[in-house]
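# Residue-level structure breakdown
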Amino acid sequence: MTDRFTVRLAYQRGWQVVDGSAIAHTFETKEDAFQSLVDRGARVHLSWRRTVIAGASVPYDFSAEFQSKYAGRIKKEMHGPSAGKWFWFQGSSRGEVATKDDAIFQVERAYTCLVVKADHPK
């Protein structure tokens, strides 16, 4: 899988791409920061949490956010012919994969490409 970086707003300094706890680069715009990830085949590290519907968390269902805004969702199918598969959704991009980690990868990669209007690699 590709590298995974945090992108964060650096007050009065633009946007930073962070690798672990080290600042890798600082950019003037969010789009420039995300483009640097696309250029290196990397993806943004989104914040993940359990999906909550009508006040209750849904089993095997997780939502992603970037800067407190919705960025995508993954969920595991529990019944029927697709039981055990993970489905991922990010804007108009979607698909199914075998594992939760693969679903997270797909959402984070699709969101990274969406920010800079790049084609989502298949």
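These notes cover the structure that comes with them. Quick caveat: nothing in here was measured; it's all calculated off a predicted structure.

## Points about the pairing of strand S6 (residues 56–66)
When strand S5 (residues 47–53) meets S6, the two strands line up antiparallel, connected through six bridges. Bridge pairing in S6 places serine 47 opposite glutamate 65. If you look at the hairpin formed by S5 and S6, you'll find two residues sitting between the two strands, and alanine 54 has a positive phi there, around 55°. Across six bridges, the pairing between S6 and strand S7 (residues 69–76) is antiparallel. Counted as the bridge partner of aspartate 61 is lysine 75 from S7. Hairpin connection between S6 and S7: a loop of two residues separates the two successive antiparallel strands, and glutamine 67 in this loop has a positive phi of roughly 55°.

## Side note on the packing of helix H1 (residues 30–39) against helix H2 (residues 100–115)
Two numbers describe how H1 lies on H2: the axes approach to 8 Å, and their chain directions differ by 130°. Relative to H2, H1 is oriented oblique. As H1 runs across H2, the sense of the crossing is left-handed. On H2, the residues that touch Lys30, Glu31, Phe34, Leu37 and Val38 of H1 are Tyr111, Thr112, Cys113 and Val115. Of the residues that constitute the contact of H1 with H2, the class distribution is six nonpolar, one polar and two charged.

## Examining the nonpolar core
Among the nonpolar cores identified, the biggest contains 25 residues, and Val7, Phe34, Val44, Leu46, Phe66, Ile74 and Tyr111 are the most heavily contacted of them. Counting residues per element, the ones that place at least two in this core are strand S1 (4–10), strand S2 (14–19), H1, S6, S7, strand S8 (86–90) and H2. Counting residues per element, this core draws most heavily on H2, which supplies six residues. Contact partners of valine 7, with chain neighbours within four places excluded, come to Trp15, Gln16, Val17, Ala33, Phe34, Leu37, Val44, Phe66 and Gln67.

## Observations concerning the pattern of salt bridges
Inspection of every chain in the model, using the stated rule, returns five salt bridges. For arginine 4, the salt bridge is made with glutamate 108, and the minimal N-O distance between the two is 2.7 Å. Taken together, the residues arginine 4 in strand S1 and glutamate 108 in helix H2 connect sequence positions 104 residues apart. The shortest N-O distance in the salt bridge between aspartate 61 and arginine 73 comes to 2.5 Å. Of this pair, aspartate 61 sits in strand S6 while arginine 73 sits in strand S7, and the two are twelve residues apart along the sequence. Given the relative accessible area of 3%, aspartate 61 is considered buried. Arginine 73 gets classed as partly exposed once you look at its relative accessible area, which sits at 23%. Here the salt bridges share partners, and the residues they tie into one network are Arg4, Arg43 and Glu108.

## Points about the sheet that holds S5
The strand order across the open sheet formed by five strands is S5-S6-S7-S8-S9, and the pairing between neighbours is antiparallel. Since the sheet does not close on itself, it has two edges, and those belong to S5 and strand S9 (93–97), each with one partner. Strand-to-strand twist in this sheet, taken as the mean axis angle between neighbours without regard to direction, amounts to 30°.

Conventions we followed
- Residues numbered from 1 in each chain as written.
- Predicted model: local features only at pLDDT ≥ 70, side-chain atom pairs only at ≥ 80, totals over all residues.
- Heavy atoms only, no water.
- Pairing = 2+ DSSP bridges.
- Helix = DSSP H or I, 4+ residues; strand = E, 2+ residues; numbered from the N terminus.
- Axes fitted to C-alpha atoms, helices over the stretch in contact; angles between N-to-C directions.
- Parallel < 35°, antiparallel > 145°, perpendicular 65-115°, else oblique.
- Left-handed = near helix turned anticlockwise from the far one by under 90°.
- Contact = heavy atoms within 4.5 Å.
- Nonpolar A, V, L, I, M, F, W, Y, C, P; charged D, E, K, R; others polar.
- Core = buried A, V, L, I, M, F, W, Y, C linked by side-chain atoms within 4.5 Å.
- Buried < 20%, exposed > 50% of the residue type's maximum accessible area, 1.4 Å probe, protein only.
- Salt bridge = Lys/Arg side-chain N within 4 Å of Asp/Glu carboxyl O.

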